[in-house]
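Fold and geometry: a report
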Amino acid sequence: MNDTIPATPSRLAPPGGVWGYWLGLLILTLGLAGLAITAEADRLIPGMPFDQLLSYKLTGYANVLLAAATLVYLAHLWFTAPAVGKWASGLATAGGVGLLVALLTLWFETHQVLEEGHVPISNLYEVTIFFTALTTLIYLILESYSRNRHAGAFVMPIVVAGIGFELWLVSQGSAGPQNLVPALKSYWMHAHVLANFIGYGAFAVACGGGVMYLVRHRAEAQGRTAGVAIRVLPGLDETDTLMYRAIAIGFVTFTIATILGAAWAYDAWGGYWSWDPKETWSLIVWITYAIYLHLRFVKGWAGTRMAWWAILGFAVTLFCFLGVNMFLSGLHSYGQIG
Amino acid sequence: MAIDDSRLTPPATPQQGPLARLIHLLSSMPVAVFLLCTVALASMIGTILVQNREEDFYIANLGPTWYKILDALDFFNMYDSWWFLAIMTLLVLSVSAALLRHGPRFWHMSRPLRVMRPWPKKSDGGFSLTSPLASDPDATKALLRRLGFSEFQRGEEHGRPLLLARQGRFSKYGFFLVHGGVVLICVGGLITSQLGFRGVMNLPEQESDNRIYVSEGSSYRTLQLPFLVRNDDFDISFYKSGMPSEYSSQLTLHRDGQDILSKRITVNDPLRYQGVTFYQASFGDAGSAVEFAIRDLTSKGFPEQKIKSEVHKELEDGMGLKLTIKELRQHNVMNMAQEEGKSELRDVGPSLDIHFSSPSSGNITYRIYMSYPHMLAFGRTGDREMTYDDLGFNPADSVKMELLAAYLDELSKVEGERGPDQNRAAFAAAMTAMGLPLSRAAELGPAIANAEQVLRRHKLPMLFSFSGFEPKMYTGLQVARDPGSPLVWSACALLVIGLYMMIYMHEKRVWIRFDRERQQLEVCAVLSGKDKHPVNTTLERLRRELAAAPPIPSGK
Ligand code: HEM
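Throughout what follows, the structure given in this document is the object of discussion.

Calculation criteria
- Residues numbered from 1 in each chain as written.
- Chains lettered and ligands numbered in written order.
- Predicted model: local features only at pLDDT ≥ 70, side-chain atom pairs only at ≥ 80, totals over all residues.
- Heavy atoms only, no water.
- Helix = DSSP H or I, 4+ residues; strand = E, 2+ residues; numbered from the N terminus.
- Polar contact = N/O pair within 3.5 Å; in protein donor to acceptor, adjacent residues only side chain to side chain.
- Contact = heavy atoms within 4.5 Å.
- Phe/Tyr/Trp six-rings, centres within 6.5 Å; stacked < 30°, edge-to-face > 60°.
- Buried < 20%, exposed > 50% of the residue type's maximum accessible area, 1.4 Å probe, protein only.
- Lys NZ or Arg CZ within 6 Å of the ring centre and 35° of its normal.
- Pairing = 2+ DSSP bridges.
- Axes fitted to C-alpha atoms, helices over the stretch in contact; angles between N-to-C directions.
- Donors = N, O, S within 2.8 Å, 3.2 Å for Na, K, Ca; no water.
- Tetrahedral: all angles 85-135°; square planar, octahedral: opposite > 155°, others 65-115°.
- Buried area = accessible area lost by both parts, 1.4 Å probe.
- Salt bridge = Lys/Arg side-chain N within 4 Å of Asp/Glu carboxyl O.
- Nonpolar A, V, L, I, M, F, W, Y, C, P; charged D, E, K, R; others polar.

This paragraph deals with the side chain of B:Ser249. Residues and elements named next belong to chain B. The topology assignment puts Ser249 in strand E7 (residues 244–255). In terms of polar contacts, Ser249 uses its side chain to reach the side chain of Gln280, at 2.3 Å. Once residues lying within four places of it in the same chain are set aside, the contact partners of Ser249 are Asn231, Asp233, Phe234, Lys263, Arg264, Ile265, Gln280 and Thr475.

Our focus in this paragraph is the packing of aromatic side chains. A full pass over the atoms with the stated rule returns 46 aromatic pairs over all chains. An angle of 75° between the planes, with centres 5.5 Å apart, marks the rings of A:Tyr266 and B:Trp489 as edge-to-face. One end of the pair, A:Tyr266, is in helix H9 (residues 236–268); the other, B:Trp489, is in helix H11 (residues 485–504), on a second chain. Using a relative accessible area of 25% as the deciding quantity, one classes B:Trp489 as partly exposed. An aromatic cluster is defined as three or more aromatic residues linked by ring pairs; in this entry it consists of A:Phe130, A:Phe131, A:Phe197, A:Tyr200, A:Phe203, A:Phe254, A:Tyr289 and A:Phe321. One Lys or Arg, B:Arg513, reaches over the ring of B:Trp119 and ends 3.9 Å from the middle of that ring.

A word on the sheet that holds strand E12 (residues 304–310) of chain B. Residue and element names in this part refer to chain B. Here three strands make up an open sheet; going across it, the order is E12-E11-E21 and the pairing antiparallel. Looking at which strands have only one partner, the edges of the open sheet turn out to be E12 and strand E21 (462–470). Taken pair by pair, the neighbouring strands of this sheet meet at an average axis angle of 20°, ignoring direction. Here strand E11 (residues 289–296) pairs with E12 via seven bridges, running antiparallel. Residue pairing across strands places Ala293 opposite Lys306, the latter belonging to E12.

Protein ligation of the iron atom of the ligand involves A:His294 (NE2) and B:His179 (NE2), the donor distances falling in the range 1.8 to 1.9 Å. Classification of the site at the iron atom of the ligand as octahedral follows from its six donor atoms and the range of 87 to 179° in their angles at the metal. Taken as a pair, A:His294 in helix H10 (residues 277–297) and B:His179 in helix H7 (residues 173–195) lie in two separate chains rather than in one. A residue is classified by how much of its surface remains accessible, and B:His179, at 13% relative accessible area, is buried.

Looking now at the interface of chain B and chain A. With 64 residues of chain B at the interface, the matching set in chain A holds 60 residues. Interface area for chain B against chain A, summed over the two sides, is near 5,200 Å², with a carbon-plus-sulfur share of 66%. Taken as a group, B:Tyr239, B:Asn268 and B:Trp489 account for 13% of the area that chain B buries against chain A, more than any other trio of residues on that side. Inspection of the region where chain B meets chain A yields one salt bridge. In this structure, the salt-bridge partner of B:Arg272 is A:Asp267, at a minimum N-O distance of 2.8 Å. Counting across the chain B and chain A interface gives nine residue pairs in polar contact (both at pLDDT 80 or more). Among the elements that take part in the side of chain B that touches chain A, helix H2 (residues 29–48) of chain B stands out by supplying 11 residues, more than any other. Split by residue class, the side of chain B that touches chain A holds 34 nonpolar, 18 polar and 12 charged.

As structure tokens, then:
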């Protein structure tokens, strides 16, 4: 019998020790945050303006690293030497870790600067940082499985857009830690937001994958045999797998997040579901990706239609994340801009 | 993915009869996707059209025609409307139909591996390799067991041994858990909406009640609990910014003069008793006692009247003049920064809002600050913002107020042009009329002159000064009975576990043919993976492990 193992097995196989690597990075993150906190502990005073906080500066440095990583990823489309890709991944890793360190530092700082500390995923500015960090890290985890570093050129621009939004919030004066209204002081809420943003990050990665798929598909459909899209972008099947994996991670965590949100509402308002706009839009996001899974696995849809669906899904996700706060009112007013 | 299920599938159940056809239709993917899209779209409309507002609001925004059309279709209480319920019911039926239709097959596929299955016609991949294991099915089996395979069958094909190994037998159960979970969540929601309630109860301190107000569209219905709830104590703490940081109430449930249960509830930490839950939802003023004084600027001598009353009370003089005590605020945070664009928030203490109306002066809302009695703050109907000014002294200061009255009185007598000389003369006359020594003119003059300007600017009929209060708060409770929730939470757990199983657990079946003469192993696999990656890794790993197997000791 012939060897019928499908092509590209090693590319899809996880390299040994992937999780060891991420565990190492986690420990490094905690260690760096510990250092930052010790370094800053003495100079924090109540009511200190947030732009004097170390976390604000750390966020800025990390954002620079992420912007640089994006440029290098884009350059990697033309400069295909593996070293370029490694630099891109390295910068992105440093940026993602930097944001987590910044958030951990901010966590500590809220306890010193505000009257009551909180986990810094409580206002729009904080969760936007969290979103950029998680999108980067989820992408990097998937990259470490696929060992193809070209998708970064499609995912990282989303991160840069997130950074742009964050800067806009700063310019509007709606950044910086604020005291929490009583309803936000709940462990359910922390777990809910955490899971939610893993979901959002994963859906962002899937969207980047969708764009990459369409780019390559178009090049192939035009019969090109050379050019960036054909030479460097991963094959269509591989990209399809990347999208699916991101959506699978996202769907599971987003389901958990929605349930945790319901549990929080149950403890705070006396009903697990009240059709508040944010809740309703999470349901819509959830249904969008449930349809994706069904079309893919039951109807066997594949290819460009699924790529478009991943992009549409992220558009719906973005509306759930930002649009609801900007255009619709509801219980989740903590995210209100301005 | 090519899955050779032919041998695992039970004989096809006849797809005839109206019920079978209905199940078939309901569970078909186009119908399922259509229903899911419909739910998504309908819910979207509900977030854009604000729900459950009063009629005027809609008419003002949509016009009467659209209001009538949309109201007839229940669009303003959409999530409770018959048609939304109908869509949800159809969705539940569709998922149930899918369970009925695919259930037996998946159940069948999850049965233990009891008999040998022949080499599959179509596989997901395979390879062959030379290995000493070719002569040792037992060792191969042990190796596979180490790799996580748990079920085995041995057979023979043309005299050669054949081994079938399988893992992930239960992965198909994920389908039941996920879709069953969705059905149960909806059923739980239905139970809650039919048998449960959710209403509000506002309880002043030290009072007991058992009535709950349940909103129904834009009206209310009252429910009575079989026991009473007493608010023993309401407590609220504020941030320096004046924003509430936490509020809580000590609640006691009692019946027939007997206390049943007592607990301090806070936001996010409710009290549960006999299926009824009491949530700390809001708070408000239950008629705090307030004391203030009024200076009537329309009467001669600006007479003062001291008033003791309660928030929410209305006072009338029988001649069209009306005072409503609107709101007591214990904290008022203001930006005290001198520079533009800077912020320096400070709490300026308690304030009281009093609504004044009279036929001659119209409506004016005054805000009086206890710690800043000389500050005037008021707004007339139609004003966007409050007007602030500084009287220079407390309206409760009788000497200054009476002098001011006398001064204005003297000024009104002045005929013709009014200049500094006339002002001075009027002031001196007022001092004399009041019996004040002229030596105090330098001290009192500027204050009175300023106050006269201020009053002329604003033409206020009254001045107030706020002297004391005794807060009396009510606690705003959300009271709910939610009989569906245990089912919902269990179903959520099933859903999550099932999702994990469906996405990350795969059924893997591997056939191995042993060719002793040529020392060859031939392997082929059938996997129910959704993702190509587990297929590839499984095969790759299998090959690596088989190739690395140690040589069989001779003699065996
Ligand atoms: C309402 C929410 C629903 C959710 C969250 C949901 C979720 C899922 C998920 C996650 C899968 C697995 C996809 C995969 O194989 O990775 C799946 C498969 C499937 N679903 Fe649904 N589903 C829903 C509704 C429905 C409906 C309405 C039907 C009715 C026809 C249906 C029928 C199926 C079928 C037949 C499969 C294939 C199972 C298999 O072959 O393994 N689902 N569903």
